[in-house]
Amino acid sequence: MPTPTPVTIGEHEVGAGAKPFVIAEVSGNHNGSLERALEIVDAIADSGAQAVKLQTYTADTITIDSDGPNFRIRGDHDLWGGRTLYDLYTEAHTPWEWHEPIFARARERGLTPFSSPFDPTAVELLESLGAQAYKIASAEVVDLPLIRLVASTGKPMIISSGMATIGEIDAALNAARDGGCKEMVLLACTASYPALPEDARLQSIPTLQSAFNIPIGLSDHTKGIGVSVAAVALGAVAIEKHVTLKRADGGVDSDFSLEPDELAALVTETDAARLAVGPAKFGPTAAEQDTLKVRRSLYVVEDVRAGDPVTRENVRSIRPSGGLATDLIDTVLGRTFAGDVSRGTPLTWDLI
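Residues numbered from 1 in each chain as written. Predicted model: local features only at pLDDT ≥ 70, side-chain atom pairs only at ≥ 80, totals over all residues. Heavy atoms only, no water.

### Digging into the packing of aromatic side chains
Thought 1: Counted under the stated rule, the structure contains 3 aromatic pairs.
Thought 2: When the ring of Tyr 57 is compared with that of Tyr 89, the centres are 5.7 Å apart and the planes differ by 75°; the resulting orientation is edge-to-face. One end of the pair, Tyr 57, is in the loop between strand S4 (51-56) and helix H2 (59-62); the other, Tyr 89, is in helix H3 (residues 85-92), and 32 residues separate them in sequence.
Thought 3: Relative to Phe 118, the ring of Tyr 57 has its centre 5.3 Å away and its plane inclined at 85°; by these criteria the two rings are edge-to-face. A residue pair is termed long-range when its members are at least 10 positions apart, and Tyr 57 in the loop between S4 and H2 and Phe 118 in the loop between strand S5 (112-117) and helix H5 (120-128) qualify at 61 residues. (Phe/Tyr/Trp six-rings, centres within 6.5 Å; stacked < 30°, edge-to-face > 60°. Helix = DSSP H or I, 4+ residues; strand = E, 2+ residues; numbered from the N terminus.)

Structure representation (structure tokens):
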């Protein structure tokens, strides 16, 4: 399978061989407070993640105020049951006037800030702020005109594929190319909130890479970091996770969001997974040389005199290495020592 060409987002290379590109999603976890949003940005920077992401919409740009059945979330939904879309998005949206101070704080802290736009006015706002990349949310992967518009900025695009068929993914990527996008990252995703690990279908990651030959990542809505770490082991080069200060503070997305210490663990453990996945190779590595020296071998374990027979009492299989192979014990038993040998001497053929 060919290795996809890496993508550059801000100062970061996103692709095989690079540290996983960790995108921390603020979403509605600001809980209506700009100060809290800025605290989340600071926590993300302290974690070692590379990017912070917003969602740029208002309730009126993403839906309409309607109480019709199509506009209401099913009543038994774990997090948002019975709410209208308009009500949910009114609570969760990030006010447009907050974008500039959030972007500024992110840049001060060395993060790459970007966002998911949901309509042309959002793209206009984000362009005015110098966004260095754009994210297409899973539900918008079928909005090909929006994808073409975002692509016309010439910025790298990260496209989530939750719910999408292979045909819909292909159409979205083609729309991005047609619009002028040269660099794309495709995210495997399960668009349920929270998502269950058994629904993650992580084997889709190598399949998507094979099908489209672009960098593949994961937008992960499961709880914890285990699924994300596994995704990197299967080839994911970018991980997106929601982040909050404390889940106990509540909020529309808090249930499946990471706290700062968990985000820091995600950064560490996904990079460990990247480093651990190497080619199949057997035999001692350079790092194993010290341990190789303590492999078991045959040693003389009692002082012996010339002519003494080799017995199980005076020759044993012990650590370290240096003596004859342990499987030769039956071959040497009953032979005699050629000379005096001190306890702790590795048994070699010249001694018997």
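### Structural notes on the sheet that holds strand S11 (residues 297-300)
Thought 1: Here we have 3 strands laid out as an open sheet, ordered S12-S11-S13, and antiparallel in their pairing. Edge positions in the sheet fall to strand S12 (315-318) and strand S13 (345-346), since each has one partner strand and no second. (Pairing = 2+ DSSP bridges.)

### Quick look at the pattern of salt bridges
Thought 1: A complete count under the given rule lists 19 salt bridges for this structure.
Thought 2: A salt bridge links Arg 83 to Asp 87; the shortest N-O distance between them is 2.8 Å.
Thought 3: The partner of Arg 305 in a salt bridge is Asp 340, with the nearest N and O atoms 3.4 Å apart. Of this pair, Arg 305 sits in the loop between S11 and S12 while Asp 340 sits in the loop between helix H12 (329-332) and S13, and the two are 35 residues apart along the sequence. Like Asp 340, Arg 305 is exposed.
Thought 4: It is possible to trace a salt-bridge network through shared partners that takes in Asp 42, Asp 46, Arg 105, Glu 108 and Arg 109. (Salt bridge = Lys/Arg side-chain N within 4 Å of Asp/Glu carboxyl O. Buried < 20%, exposed > 50% of the residue type's maximum accessible area, 1.4 Å probe, protein only.)

### What to know about unusual backbone geometry
Thought 1: Note the cis peptide between Tyr 193 and Pro 194, where omega equals -5°.
Thought 2: Along the chain, Pro 194 turns up in the loop between strand S8 (184-189) and helix H8 (204-212).
Thought 3: In the Ramachandran plot, Arg 201 falls in the positive-phi region, its phi being about 50° despite a non-glycine side chain.
Thought 4: Tracing the backbone shows Arg 201 in the loop between S8 and H8.
Thought 5: Under the relative-accessibility criterion, Arg 201 is labelled exposed at 59%.
Thought 6: Not every positive phi belongs to a glycine, and Asn 213 is a case in point at roughly 50°.
Thought 7: Relative to the helices and strands, Asn 213 is located in the loop between H8 and strand S9 (216-219).

In short, the description is geometric, and any link to function would need to be established separately.
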